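If you want the building blocks of each chain, they are given just below.
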Amino acid sequence: MNADLVIVGSGFFGLTIAERAAALGRRVVVIDRRNHIGGNAYSSADPETGIEVHNYGAHLFHTSNPAVWEYVNRFTEFTNYQHKVYTNHNGVVYPLPVNLGTINQFFQAAYSPGEARALIAEQASEFDSKTAANLEEKAISLIGRPLYEAFIRDYTAKQWQTDPTELAAEIISRLPVRYNYDNRYFSDTWEGLPVDGYTAWIERMADSPNIEVRLDTDFFDESQPVNKTAVVGQVPVVYTGPVDRYFDYSEGELAWRTLDFEREVLPVGDYQGTTVMNYADAIIPYTRIHEFRHFHPERDSYPADKTVIMREFSRFAGRDDEPYYPVNTADDRARLLAYRDLQSGEKDVFFGGRLGTYQYLDMHMAIGSALSMWNNKLSAHLGGE
Ligand code: FDA
């Protein structure tokens with residue numbers, strides 16, 4: 001193998017490092033065990049309708065980091081899409097995050113910001129945040145029992161497959177309540193979706209004669225030419241797979257939640273009128289429905305009589321499932337520290353990304369931390385400035 005750097009994982013973290021190294025003239029081999037690049041940000045056209053589907057769940061790009069914004073704009077333009085989420089509770093649709101519109105609709109009232117603030121403070125006084133014994137008490141201490149029971153309790157139980165009274169209070173530190181009618185989901189400086197889709201963006205990052213991509217290649221499969229035994233110690237490696245897998249789970253498994261997606265093409269031009277509808281109640285088994293045509297209202301190529309929806313179900317991940325969200329219990333954090341100790345003994349292996357560091361990272365965070373790793377460590381390591 002003729003490479004100055006091997007990168008395990010072609011998600012945004014791996015591809016950012018690959019692109020930077022290639023720009024410096026270094027030869028890079030990127031491997032991925034999936035049959036496509038892009039990691040969880042990968043999207044593809046639905047074969048029946050041509051509608052772009054985010055295969056691993058809705059991906060909304062947003063950042064307030066100028067360096068990241070400048071960098072990503074080298075590869076794609078962005079639409080002016082602004083994300084908004086609604087939730088269905090008892091057959092009525094409310095705007096999220098909880099805001100003055102949600103509160104007034106829920107209490108059938110016309111509270112001013114000050115009146116609503118006073119009401120929620122009074123309802124939240126049932127528990128003290130500092131002494132809350134579980135997630136339920138903590139949530140009530142933040143937004144009061146009525147809003148908690150309507151919008152948080154069953155949804156959280158579905159996400160975690162666990163009653164909130166059995167979940168640790170520390171899972172939530174805050175529950176945003178806005179005392180105005182602003183229901184933009186993100187408050188970052190820049191927000192939008194890639195004009196010609198995530199995969200076009202991702203492919204442009206990998207488009208260099210210095211980058212070789214090998215798909216369907218698992219780093220731990222010794223029948224493949226690029227594998228852990230063959231490579232580590234010979235060539236610098238950036239590893240963005242699960243950190244516990246790298247060390248063969250020697251310190252125990254880190255717990256993740258995963259998602260199951262159920263995709264359907266429906267014979268209507270518009271199913272729900274918006275991109276994401278949450279389902280707050282226990283009686284509905286899924287947590288939300290995505291309708292992909294609404295991510296790109298500017299595209300006139302989409303059919304007027306068909307739409308693609310995806311129902312999302314949440315559960316704990318087994319070893320063979322896709323790891324999506326770190327569970328992050330105290331045991332997990334102790335294991336992670338043990339893995340970090342082991343990492344320091346791995347010569348020339350750089351752990352990064354969501355799976356390699358066991359933390360939830362938005363895309364801009366994955367790209368930002370890859371740029372930091374490149375600027376602070378790898379560039380000099382590979383003979384740059
Ligand atoms: P990522 O997981 O993308 O890539 C890791 C790659 O490593 C994968 O392609 C995997 O196949 C590969 N790999 C693992 N083990 C391997 C092995 N042994 N051998 C070879 N390859 C291996 N962010 C955001 O900004 N806005 C959003 O709306 C969302 N929404 C969202 C929804 C859901 C459901 C999830 C799970 C995540 C998001 N994200 C998000 C986060 C976004 O997906 C995340 O920031 C990026 O995927 C992080 O990129 P990484 O490169 O770190 O990991």
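Residues numbered from 1 in each chain as written. Predicted model: local features only at pLDDT ≥ 70, side-chain atom pairs only at ≥ 80, totals over all residues. Heavy atoms only, no water.

Spelled out, the test is: UniProt positions are given in the numbering used here, feature names are shortened, and annotations may be inferred rather than shown by experiment.
Where an unreviewed UniProt entry is consulted, the chain appears under the name UDP-galactopyranose mutase, with the organism given as Mycetocola manganoxydans. Its UniProt record gives the chain the following Cofactor (unreviewed entry) comment, quoted word for word: "FAD". Entered under Subunit (unreviewed entry) in the UniProt record, the comment concerning the chain runs "Homotetramer."

### What about the pairing of strand β2 (residues 28-31)?
This is how it is decided: Exposure categories follow from relative accessible area, calculated using a 1.4 Å probe and restricted to protein chains: below 20% of the type maximum is buried, above 50% is exposed, and the middle band is partly exposed. A run of H or I in DSSP becomes a helix once it reaches four residues, and a run of E becomes a strand once it reaches two; helices and strands are each numbered from the N terminus. DSSP-based pairing: two strands are paired if at least 2 bridges between them are found. The definition of a right-handed crossover adopted here requires that, viewed with the strands pointing away, the path from the first strand over the helix to the second runs clockwise.
Going residue by residue along β2, you find Val 28 and Val 30 tucked away on one face and Val 29 and Ile 31 tucked away on the opposite face as well. Pairing of strand β1 (residues 5-8) with β2, which is carried by 4 bridges, proceeds in the parallel orientation. Bridged to Leu 5 within β2 is Val 28. Of the crossover connections in this fold, the one passing from β1 over helix α1 (residues 12-23) to the parallel β2 is right-handed.

### Comments concerning the pattern of salt bridges
Rule in force here: Throughout this description, the term salt bridge denotes a Lys or Arg side-chain nitrogen within 4 Å of a carboxyl oxygen of Asp or Glu.
Enumeration over the complete set of coordinates arrives at 24 salt bridges. Ionic pairing is found between Arg 178 and Asp 182, a salt bridge with its closest N-O pair at 3.8 Å. Accessibility expressed as a relative area gives 17% for Arg 178, which makes it buried. Salt-bridge contacts for Glu 312 lead to Arg 288; the nearest nitrogen and oxygen are separated by 3.0 Å. Taken together, the residues span a long stretch of sequence, with Glu 312 in strand β14 (residues 307-316) and Arg 288 in strand β13 (residues 288-291) at a distance of 24 residues. Note on accessibility: Glu 312 and Arg 288 belong to one class, buried. Linked by salt bridges that have partners in common, Glu 126, Arg 145, Glu 149, Arg 153 and Asp 154 make up one network.

### Here we look at the UniProt feature "domain: UDP-galactopyranose mutase C-terminal" (unreviewed entry) in the chain
Sites flagged by UniProt as "domain: UDP-galactopyranose mutase C-terminal" (unreviewed entry) map to residues 150-360. The span residues 150-360 is 22% helical and 21% strand by assignment, and the distance between its end C-alpha atoms comes to 26 Å.

### Focus: the nonpolar core
Threshold: Take the buried residues of types Ala, Val, Leu, Ile, Met, Phe, Trp, Tyr and Cys, join any two whose side-chain atoms come within 4.5 Å, and each joined set is a nonpolar core. These domain limits were set by an automatic method or by a database of domain assignments. Residue contacts are defined here by distance: any two heavy atoms, one from each residue, within 4.5 Å place the two residues in contact.
Counting 83 residues, the largest nonpolar core has Phe 12, Phe 61, Val 72, Trp 201, Tyr 239 and Ile 367 as its most contacted members. For this core, the two domains that each supply at least three residues are domain 1 (5-44 + 195-249 + 328-381) and domain 2 (97-173). If near-sequence neighbours (up to four positions away) are discounted, Tyr 239 is found in contact with Val 8, Phe 219, Phe 220, Arg 245, Tyr 246, Val 349, Phe 350, Phe 351, Gly 352 and Gly 356. Counting residues in each nonpolar core, the second largest holds 17 residues, with Leu 5, Ala 21, Ala 22 and Val 238 among its members.

### With respect to the site of the ligand
Which entries qualify depends on this criterion: Whether a residue is near a molecule or strand depends on its heavy atoms: if one lies within 4 Å, it is near. Here a polar contact is recorded for every N or O atom pair within 3.5 Å, except that within protein the pair must consist of a potential hydrogen donor and a potential acceptor, and residues adjacent in sequence are included only if both atoms are side-chain atoms. With residues, only the protein chains shown are counted as cover, and all accessible areas are computed by Shrake-Rupley using a 1.4 Å probe. Under the scheme applied here, ten amino acids are nonpolar (Ala, Val, Leu, Ile, Met, Phe, Trp, Tyr, Cys and Pro), four are charged (Asp, Glu, Lys and Arg), and all others, including Gly, are polar.
What surrounds the ligand is a group of 31 residues, the closest being Asp 32, His 59, Leu 60, Leu 361 and Met 363. Within the backbone of Phe 13, an N or O atom sits 3.0 Å from an oxygen atom of the ligand. His 59 is positioned with one of its side-chain polar atoms (N or O) 2.7 Å from an oxygen atom of the ligand. If the ligand stood free it would expose 980 Å²; the protein chains cover 98% of that surface. Looking at the shell around the ligand, the elements that each hand over two or more residues are α1, α11 (353-357) and α12 (363-381). In terms of residue class, the shell around the ligand is built from 16 nonpolar, 9 polar and 6 charged.

### Here we look at the sheet that holds β14
To keep things clear, this is the line we draw: As a rule, the C-alpha atoms of each element are fitted with a line to give its axis, helices using only the stretch in contact, and angles between N-to-C directions run from 0 to 180 degrees.
Spatially, the 7 strands line up as an open sheet ordered β7-β6-β12-β13-β14-β11-β15, and their pairing is mixed. Bordering the open sheet on either side are β7 (92-96) and β15 (325-326), each of which pairs with just one other strand. Relative to β14, strand β11 (residues 256-266) runs antiparallel, the two being bridged by 10 bridges. Its bridge partner being in β14, Leu 266 is matched across the sheet by Thr 307. The strands touched by helix α6 (residues 145-160) are β6 (85-89), β7, β11, β12 (276-279), β13 and β14; relative to β14, the strand with the most contacts, the crossing angle is about 75°.

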